Amino acid sequence: MAPATGGGMLAPVERWRTIIEPFRIKSVEPIRLTSVEERQGKLEEAGYNLFNLHAADVLIDLLTDSGTGAMSAEQWAGIQRGDESYAGSPSWYRFLEAVTELFPFRHVIPTHQGRAAEKILFTVIGGPGKVIPSNTHFDTTRANVEFSGAEAIDCVIPEGRQPSVIHPFKGNMDTDALDAVIRERGAENVPVVFVTVTNNSGGGQPVSLANLRAVREVCDRYGLPLFLDACRFAENAWFIKEREDGCADASIADIVREMASLADGMTMSGKKDALSNIGGWLAMNSDGWAEQCRNLLILTEGFPTYGGLAGRDLEAMAQGLREVIDEDYLRYRIRSTAYLGEALVEAGVPCVQPIGGHAVYIDAAGLLPHIPALEYPGQALACALYREGGIRGCEIGTVMFGQHPDGSETPASMELVRLAIPRRVYTQSHVDYVIEVIRWVAERASALRGMRIVQQPASLRHFTARFEPL
Ligand SMILES: Cc1ncc(COP(=O)(O)O)c(C=O)c1O
């Protein structure tokens with residue numbers, strides 16, 4: 001690729017247009033190549049639910065960026081260092097230091113993953129009659145809120161619901177809508193306000209510092225605590241650095257600390273921006289809530305200095321937290337996701353724009369206008385990508401969000417197929433292959449048919465439902 005203008009004194013990233021993977025590969029995992037016929041058989045066996053596939057039958061696995069990243073040599077070294085003492089392990093203290101360096105909350109409660117933190121928190125503060133507003137609740141967050149008997153309400157800005165509308169911070173909370181929910185339902189019924197950074201279900205879109213400050217102001221007006229669902233905090237901070245006025249010269253760590261300073265607590269899945277394969281935590285300033293949460297933690301996860309994790313997992317997260325705020329890593333991470341998205345947009349495939357941090361979201365409703373929402377266009381597209389190219393994506397639409405606790409079903413606000421990019425796993429040629437397959441499927445989109453559900457559980461149906469093509 002042609003060099004950009006500039007002399008030999010510039011750092012590589014400034015001199016050359018190509019943003020390379022800022023790592024070498026030391027250990028490889030083979031990928032098994034399969035045929036279309038073989039994959040069609042696997043789809044039928046799986047009830048057309050890509051969660052039911054054997055991962056060994058997938059060529060490029062973009063189901064999730066959660067827990068699927070490659071660890072660094074230093075993280076593997078940490079795994080060796082892991083101390084498995086039941087209480088007060090040195091690994092716990094290294095983890096605690098790494099967390100509080102970025103998120104200086106008074107209490108840190110380790111959990112085995114993000115949803116365990118959610119379950120504990122909402123068991124303590126949720127319950128019937130309670131309302132939890134967020135920009136957009138992730139599916140496990142919503143499910144845990146609802147399981148407690150409380151109601152989960154999404155208040156993202158209107159731009160955040162329109163796939164093709166460009167906005168630098170499409171994950172922002174609509175603070176007027178938030179204010180209205182609090183007034184209508186009564187502040188006493190709102191135990192906490194949540195902001196998800198970046199906004200996964202809304203397209204991996206960032207939230208600005210200005211918006212977090214505005215949400216903070218609303219919370220202060222009513223005396224309410226603000227929590228971050230901080231799974232992708234570093235990616236969010238990178239977008240702030242790139243896009244928000246006055247932030248270009250701030251370090252990622254300082255931006256993260258600023259985000260944390262506006263909140264009273266957080267839930268975290270370490271499987272994302274702690275660059276680890278398992279782990280999470282709940283953190284907060286409230287002594288009262290922390291005591292109740294720790295008591296529940298002991299009941300369901302483990303002692304408060306390991307919380308459902310091995311000491312080695314705590315080490316992996318501690319090291320991951322240091323690596324994830326590296327600017328070379330974040331530049332490559334965000335740029336490589338945009339590379340996939342921009343190529344699809346250029347090929348005329350409708351995608352949520354601008355391209356988010358951890359994933360590209362194809363607008364299945366836009367690509368398959370002939371398939372109604374209740375015939376699951378996202379599921380049909382996800383199955384086609386697997387059949388044709390062995391690519392596993394994830395429906396984020398009516399299958400995931402259309403089912404309600406009373407058994408009714410309504411179309412979701414968007415019909416998306418998410419292609420989530422595991423961290424530090426795939427190279428540019430893998431991504432070029434993905435682009436080629438999707439272009440091929442998109443050119444034949446009018447031939448795709450919808451699906452019907454033949455079996456489903458009462459909640460979180462996307463994980464286990466079985467489908468048939470119509
Ligand atoms: C925004 C968000 N919140 C919470 C979770 C739940 O985390 P975990 O999968 O570790 O339970 C996820 C997982 O994908 C997520 O993306």
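Scroll up to find the structure this text is about.
Let me sum up the structure you'll find in this document. Computed from a predicted model, the values in this text were never measured in an experiment.

This part covers the overall build of the protein chain. Helix and strand counts for the protein chain come out as 17 helices and 14 strands. A compact globule built from 470 residues would reach a C-alpha radius of gyration of about 23 Å, and the protein chain, at 22 Å, matches this within 12%. The buried share among the 470 residues of the protein chain stands at 56%. Contacts in the protein chain between residues far apart in sequence, at least 24 positions, make up 71% of those at least 6 positions apart. When the accessible area of the protein chain is evaluated, it comes to approximately 19300 Å², of which 52% is carbon and sulfur surface. Side chains of the protein chain carry 44 positive and 60 negative charges; the gap between the two charge centres is 3 Å.

Time to look at the packing of aromatic side chains. Inspection of the entire model under this criterion finds 13 aromatic pairs. The interplanar angle of 40° and the centroid separation of 5.9 Å between the aromatic rings of Trp-92 and Phe-95 together place this pair among those described as tilted. With Trp-92 and Phe-95 both in helix α4 (residues 90-102) and 3 residues apart, the pair spans about one turn of that helix. Judged by its relative accessible area of 6%, Trp-92 falls in the buried class.

Here we come to the sheet that holds strand β12 (residues 416-420). Strands sit in the order β9-β12-β11 across an open sheet of 3 strands; the sheet is antiparallel. At either end of the open sheet lies a strand with only one pairing partner, and these are β9 (359-363) and β11 (394-396). Direction aside, neighbouring strands of the sheet carry axes that sit 35° apart on average. Relative to β12, β11 runs antiparallel, the two sharing 3 bridges. Bridging across to β12, Ile-396 finds its partner in Leu-416. Here helix α13 (residues 327-346) sits on the sheet and contacts β9 and β12; the angle it forms with β9, its principal contact strand, is near 20°.

Attention now moves to the nonpolar core. Core analysis: the biggest nonpolar cluster contains 61 residues, and Phe-103, Val-193, Val-195, Phe-233, Met-259, Met-266 and Trp-281 have the highest contact counts within it. In this structure, Val-349, Ile-371, Ile-435 and Ala-445 belong to the second largest nonpolar core, which totals 48 residues.

Let's shift gears to the packing of helix α7 (residues 175-185) against helix α8 (residues 209-222). Between α7 and α8, the shortest axis-to-axis distance is 10 Å and the interhelical angle comes to 20°. In this view, α7 runs roughly parallel relative to α8, as classed from their interaxial angle. Pair α7 / α8 crosses with right-handed handedness. Residues Thr-175, Leu-178, Asp-179, Ile-182 and Arg-183 of α7 touch α8, and the partners they reach there are Asn-211, Ala-214, Val-215, Val-218, Arg-221 and Tyr-222. The residue inventory of the contact of α7 with α8, partitioned by class, reads 6 nonpolar, 2 polar and 3 charged.

Of the residues making up helix α3 (residues 73-81), those classed as buried are Gln-75, Gly-78 and Ile-79. One side of α3 holds all its buried residues, which, seen down the axis, span an arc of 105°. Of the surrounding elements, those touching the buried residues of α3 are α12 (311-324).

A separate point is the side chain of Lys-241. Position of Lys-241 relative to the elements: it lies in helix α9 (residues 233-243). Of note is the side chain of Lys-241, whose polar atom sits 2.8 Å from the backbone oxygen of Ala-250. In this structure Lys-241 touches Cys-247, Ala-248, Asp-249, Ala-250, Ile-252, Ile-255 and Glu-327, once residues within four positions along its chain are discounted.

Taken together, the neighbourhood of the ligand is formed by 15 residues, with Arg-115, Asn-200, Asp-229, Ser-269 and Lys-272 sitting nearest. Note that an oxygen atom of the ligand is positioned 2.9 Å from one of the side-chain N or O atoms of Gln-113. Arg-115 places a side-chain nitrogen or oxygen 2.7 Å from an oxygen atom of the ligand. Ranked by the residues each element gives to the shell around the ligand, the list is headed by helix α5 (residues 114-125), at 3 residues. Across the shell around the ligand, the residue classes break down as 2 nonpolar, 7 polar and 6 charged.

The rules behind these values
- Residues numbered from 1 in each chain as written.
- Predicted model: local features only at pLDDT ≥ 70, side-chain atom pairs only at ≥ 80, totals over all residues.
- Heavy atoms only, no water.
- Helix = DSSP H or I, 4+ residues; strand = E, 2+ residues; numbered from the N terminus.
- Rg over C-alpha atoms; globule rule 2.2 N^0.38 Å.
- Buried < 20%, exposed > 50% of the residue type's maximum accessible area, 1.4 Å probe, protein only.
- Contact = heavy atoms within 4.5 Å.
- Areas by Shrake-Rupley, 256 points an atom, 1.4 Å probe, with all protein chains shown as cover.
- Lys, Arg positive; Asp, Glu negative; His and termini not counted.
- Charge placed at Lys NZ, Arg CZ, Asp CG, Glu CD.
- Phe/Tyr/Trp six-rings, centres within 6.5 Å; stacked < 30°, edge-to-face > 60°.
- Pairing = 2+ DSSP bridges.
- Axes fitted to C-alpha atoms, helices over the stretch in contact; angles between N-to-C directions.
- Core = buried A, V, L, I, M, F, W, Y, C linked by side-chain atoms within 4.5 Å.
- Parallel < 35°, antiparallel > 145°, perpendicular 65-115°, else oblique.
- Left-handed = near helix turned anticlockwise from the far one by under 90°.
- Nonpolar A, V, L, I, M, F, W, Y, C, P; charged D, E, K, R; others polar.
- Arc of directions from axis to C-beta.
- Polar contact = N/O pair within 3.5 Å; in protein donor to acceptor, adjacent residues only side chain to side chain.
- Near = heavy atom within 4 Å.

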